[in-house]
Amino acid sequence: MWADGINLNNVSLNNSVGNSLTATNNFVRGTGDDGMAINSVNYNTDSSGNKTYYTPMSHITMTHNTVIAPWGGKGIGIYGGSNQDVESNYIADTACYIGLGAGRFGVNGSDLLTATVNGNVIVRSGGNGYSQGQPALQVGNGGDGQNVGVVDHVTVTNNTVINALYDGVGFSTSTNTLLQNNTVTAPWRNGIIIAPPSYPAPTGSATITGNTVTGLGTGMTQFANNSAGFTATASGNSWQSGGGSGQGPYGGTAAAVPGLVQAENYDTGGQGIAYNVTSVNGSGNGYRADGVDLEATSDTGGGYNVGWTTGGQWFRYTVNVATAGTYTVSMRVAALSAVSGALHLSNASGTNLSGAVNLPPTGGWQTWGTATTQVTLPAGQQVLTINQDNGGWNLNSLQFAAAGVGGTASLTANPSALSFGSQTVSTTSASQAVTVTNTGTAAASVASVAAQGDFSQTNNCGTAIAVNASCTVNVRFTPTASGARTGALTITGSASNSPSTVTLSGTGTTAATTNLAAGKPTSESSHTDVYPSSNVTDGNQASYWESANNAFPQWVQVDLGSSQSVSRVVLQLPAGWGARDETLSLLGSTDGTNFTTVKSSATYTFTPSGNNTGTITFPATAQRYLRATITANTGWSAGQISEFQVWNQ
């Protein structure tokens, strides 16, 4: 079989509803796609771009089924809808793909709003389809390679996962998942993973409680949360001792801010909760029993430092901030060579507080120097995460001091002026870069980066620039009128010379009148005989497009190749034809899918004395696709146009 074994959906047989369906006590083997699927479709799009919407499925039940060896898809896939119930099924030997997945199918599937996955047995499932290392049981969007849509309130309880080919359970983006009392035995890779490879989870939430993972291979982990933005509340699991959430400040008391935070005093709770490391190197067990990546330090004060840094690892620290405000963070670091974008600090919501922090070379793993950044913190107890973005450095401590204490920040912008030359009105120039460097002795907070006048900017400055660090601001020019245009780029913050200003200048020019549609691609709703839509941009008034007869409405469309500023459309019929009226509207689109009205429906008269020409004017608008939709023609029972000209003024 090359398709799904059993597919319960809301589109078959021209239906739009599929609710309260049950599949039970079935045996499915050797399917070329999913063994069984609940496939709730939100919409389908026809060849003309028209969408047909369907009612999201609900109350679908799959129980006591056996699915063996699907070689081209999942064992059981839950794709969208609500109140779906998948219980007491046996799934084994998926060749390449997820054993049981709860998510949403593609960009046109329904969101999954509630589902129960209970008491299923999943054996030797998952696989390396699309080189993704797919988990045996997966919750979240992205299970079909599309990381879109909502997956919410999936309850996963009392399931047994045995000999997973990769990870036992994987989470991608999803919210309010309950993973409770599940057993994962002898997975080839890891037990329960948030954001495993190829299944990103930049945001999400789950309660993970009472689960057991056993039989791991060397170097593998029972649980890991690879996403700083996914909140996992874990308790009573096999990797946690004594129940409870496991996470808390080292020693039981949050580190005071302002004050010194030692790198080795990361929170308790273990892998995926207090820290995430891809391998355990130095343990420092003489200092703490759960030590990872620790080694004795030669820095002033002794103790231990965190080492073996690698992109994607992170450590969490519970701190208690005395007063809300901006703090300079002085980090004691060691690095053989300079590391660009080495780390950033984030809060419990995953918000980047510091921007990318660049580290200077110190010349050795135990040769220590100081790098600074700034963060703005609310008052009270909170969790900060040190995210390792690029490896190659050691960290001993972080000193938090109220901004302005112990040095002065100064920002230099290079160049100090940008000139963009001549640019056609309502078009945008290529970007020019300004490098902003902190040449002071304290980190500089960045309150705002703004461009005034006919100029815009994007930047990677974040909220602070460390001493000797730089960021880049890219500026573009979009003149709104002809003639000389001026503006300014302004960077404001805690620097002593704030605001830093770069003068901006350019000249707006008026474009020559151009038929933007000449020779461009076309499309149509239909055509008759030898009169296709390509005739409307061939520059020959004698050739023409004619739609199917007696089948209004009909349309013809021009693709300008990119979004252009347009304000006039000229339509022509062959010069020798008799007079007639055509009723039509003009639509525009930037993507070829979503169209808006540029000119409402009106009747245009074509006469031989007027060269059979009709002109449509409208306020300038940026469009890539222009479509004339014709609903009536007094000269013939079809849409007819010989030339479709699009002008920029």
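Overview of the structure. None of the values given here were measured: they were computed from a predicted structure.

Two modes of strand pairing occur in sheets, parallel and antiparallel, and in both the strands are linked by backbone hydrogen bonds. The strand order across the open sheet formed by four strands is β38-β40-β44-β42, and the pairing between neighbours is antiparallel. Only two strands of the sheet have a single neighbouring strand rather than two, namely β38 (411–414) and β42 (455–459). Each strand axis lies, on average, 25° off the axis of its neighbour in the sheet, ignoring direction.

Another point: the pairing of strand β54 (residues 643–647). Judged by how many residues are buried, β54 sits mostly within the fold: five of five residues are covered. Here strand β49 (residues 554–572) runs beside β54; their pairing, made up of five bridges, is antiparallel. Residue pairing for β54: Val-570 is matched across the bridge by Gln-645.

Okay, unusual backbone geometry next. For the bond from Asn-414 to Pro-415, the omega torsion is 0°, close enough to zero to count as cis. Structurally, the position occupied by Pro-415 is in the loop between β38 and β39 (417–424). Of note, the bond from Ser-498 into Pro-499 is cis; its omega dihedral lies within 30 degrees of zero at 0°. With respect to the element layout, Pro-499 can be found in the loop between β45 (483–493) and β46 (500–509). Non-glycine residue Asp-529 carries a positive phi angle of around 55°.

Considering the arrangement of structural elements, one finds Gln-554 in strand β49. Here the side chain of Gln-554 touches Ser-525 through a polar contact of 2.5 Å, side chain to side chain. In terms of polar contacts, Gln-554 uses its side chain to reach the backbone carbonyl oxygen of Ala-551, at 2.6 Å. What Gln-554 contacts, discounting residues up to four positions off in sequence, is Ser-525, Ser-526, Trp-545, Ser-547, Ala-548, Ala-628, Thr-629 and Ile-630.

Each value, and the rule that gives it
Residues numbered from 1 in each chain as written. Predicted model: local features only at pLDDT ≥ 70, side-chain atom pairs only at ≥ 80, totals over all residues. Heavy atoms only, no water. Pairing = 2+ DSSP bridges. Helix = DSSP H or I, 4+ residues; strand = E, 2+ residues; numbered from the N terminus. Axes fitted to C-alpha atoms, helices over the stretch in contact; angles between N-to-C directions. Buried < 20%, exposed > 50% of the residue type's maximum accessible area, 1.4 Å probe, protein only. Polar contact = N/O pair within 3.5 Å; in protein donor to acceptor, adjacent residues only side chain to side chain. Contact = heavy atoms within 4.5 Å.

Remember that the coordinates give geometry; whether it matters functionally is a separate question.
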